Amino acid sequence: MKRFNILLVLFLAVTAAFGQENVPQDETESAIQVQQAIFGAATTEEGSLGNSEMLERYQGLSQNDSISVKFKGTVQEVCQAKGCWMKVALADGQNVMVRFKDYAFFVPKDIAGKEVVVQGLAYTDVLSVENRRHYAKDAGKSDKEIEAIQEPQKTFGFRADGVLVKE
């Protein structure tokens, strides 16, 4: 019986040790965990380009070229229908239209103004009048603003595998 009690105590001690929550060692670690959310494939800020460096990369792309890259920037607009696209600021007032790989994930509709890190494929694109109007409608633009779109537009595009949103 004594052996049984010893085994029971050991079992309970091991169970208690593994059953404890993983508590951060300091408040900095806790703050980091609370201040970001990942959508799609896991990604980190490490190795990401700034918005000026990313603009330089875009300016070096020809039509039908693409590069695999990770960059950070501030969200300007988000699709208000579902969160299925967002526009992220580059330098010099430029922005990039970010869509999500295979339409497999969306981002929250309320992240305009927040910094994000996007990882995926950068390319140049020409948006038709129809697509520009569709995106304007998704962004909540007025009928007058939508009707004012009369020409296709060369844009910077990005197909994101993963998005990290900094809170």
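Not measured: the values here are computed from a predicted model. (Residues numbered from 1 in each chain as written. Predicted model: local features only at pLDDT ≥ 70, side-chain atom pairs only at ≥ 80, totals over all residues. Heavy atoms only, no water.)

**Thoughts on the layout of surface pockets**
Right, on to step 1. Volume-wise, the largest pocket comes out at about 330 Å³.
Right, on to step 2. For the largest pocket, the lining is made up of 17 residues, of which K87, N95, R132, Q153 and T155 are closest to its centre.
Right, on to step 3. Among the elements of the structure, β3 (85-89), β4 (95-100), α4 (129-138) and β6 (153-166) are those that each provide at least two residues to the lining of the largest pocket.
Right, on to step 4. Top contributing element to the lining of the largest pocket by residue count: β6, with four residues.
Right, on to step 5. For the lining of the largest pocket, the class distribution of residues is eight nonpolar, four polar and five charged. (1 Å grid on protein atoms, 1.4 Å probe; cavity = no way out; pocket = protein on both sides within 12 Å on 5 of 7 lines; lining within 4 Å. Points joined across faces, edges and corners; volume = space filled by probe spheres on them. Helix = DSSP H or I, 4+ residues; strand = E, 2+ residues; numbered from the N terminus. Nonpolar A, V, L, I, M, F, W, Y, C, P; charged D, E, K, R; others polar.)

**Examining the nonpolar core**
Soluble, globular proteins show a tendency: their nonpolar side chains are buried together.
Right, on to step 1. Judged by nonpolar contacts, the single largest core of 27 residues is most densely connected at M86, F158 and V163.
Right, on to step 2. Those elements that provide at least two residues to this core are α3 (51-59), β2 (66-78), β3, β4, β5 (115-127) and β6.
Right, on to step 3. Among the elements that make up this core, the one with the highest residue count is β6 (five residues).
Right, on to step 4. Among the nonpolar cores identified, the runner-up in size contains seven residues, and C79, C84, M97 and L127 belong to it. (Core = buried A, V, L, I, M, F, W, Y, C linked by side-chain atoms within 4.5 Å. Buried < 20%, exposed > 50% of the residue type's maximum accessible area, 1.4 Å probe, protein only.)

**A few points about the confidence of the model for the protein**
Parts of the model with low pLDDT should not have their predicted coordinates read in detail.
Right, on to step 1. In the predicted model, the protein carries a mean pLDDT of 84, and 80% of its residues have values of at least 70.
Right, on to step 2. Within the model, the stretch residues 7-34 combines pLDDT values under 50 with four contacts to residues more than four positions away or in other chains. (pLDDT = per-residue confidence, 0-100. Contact = heavy atoms within 4.5 Å.)

**Points about the packing of aromatic side chains**
Right, on to step 1. As enumerated under the stated definition, the model contains five aromatic pairs in all.
Right, on to step 2. Aromatic side chains Y103 and F106 sit 5.1 Å apart centroid to centroid with 80° between the ring planes, which places their arrangement in the edge-to-face category.
Right, on to step 3. Take Y103: its relative accessible area is 47%, and that puts it in the partly exposed class. (Phe/Tyr/Trp six-rings, centres within 6.5 Å; stacked < 30°, edge-to-face > 60°.)

**What about the state of the cysteines?**
Right, on to step 1. Summed over the entire model, instances satisfying the criterion amount to zero disulfides.
Right, on to step 2. Considering cysteine sulfurs only, C84 is the nearest to C79, which forms no disulfide, with 3.5 Å between them.
Right, on to step 3. Residue C84 is classed as buried on the basis of its relative accessible area of 10%. (Disulfide = S-S within 2.5 Å.)

**A look at the environment of D92**
Right, on to step 1. Locating D92 in the fold gives a position in the loop between β3 and β4.
Right, on to step 2. Here D92 falls in the exposed class, since its relative accessible area comes to 71%.

**Examining α4**
Right, on to step 1. Those residues of α4 that fall on the buried side of the exposure criterion are Y135, A136 and D138. Taken end-on, α4 shows its buried residues confined to a sector of 160°, consistent with a single buried face. Facing away from the buried surface of α4 by more than 90 degrees, the exposed residues are E130 and K137.
Right, on to step 2. Where the residues of α4 are buried, they touch β3, β4, β5 and α5 (143-147). (Arc of directions from axis to C-beta.)

**Focus on the pattern of salt bridges**
Right, on to step 1. A full pass over the atoms with the stated rule returns six salt bridges.
Right, on to step 2. Two residues, E115 and K166, come together in a salt bridge whose shortest N-O distance is 3.4 Å. One end of the pair, E115, is in strand β5; the other, K166, is in strand β6, and 51 residues separate them in sequence.
Right, on to step 3. Among the charged side chains, a network of salt bridges with common partners joins E45, K72, E115 and K166. (Salt bridge = Lys/Arg side-chain N within 4 Å of Asp/Glu carboxyl O.)

**Notes on α3**
Right, on to step 1. For α3, the full list of buried residues reads M54, L55 and Y58. Considered in projection along α3, the buried side chains sweep an arc of 105° and stay on one side of the axis. Turned more than 90 degrees away from the buried face of α3 sit E56 and Q59, all of them exposed.
Right, on to step 2. Buried residues along α3 sit in contact with β2, β4, β5 and β6.

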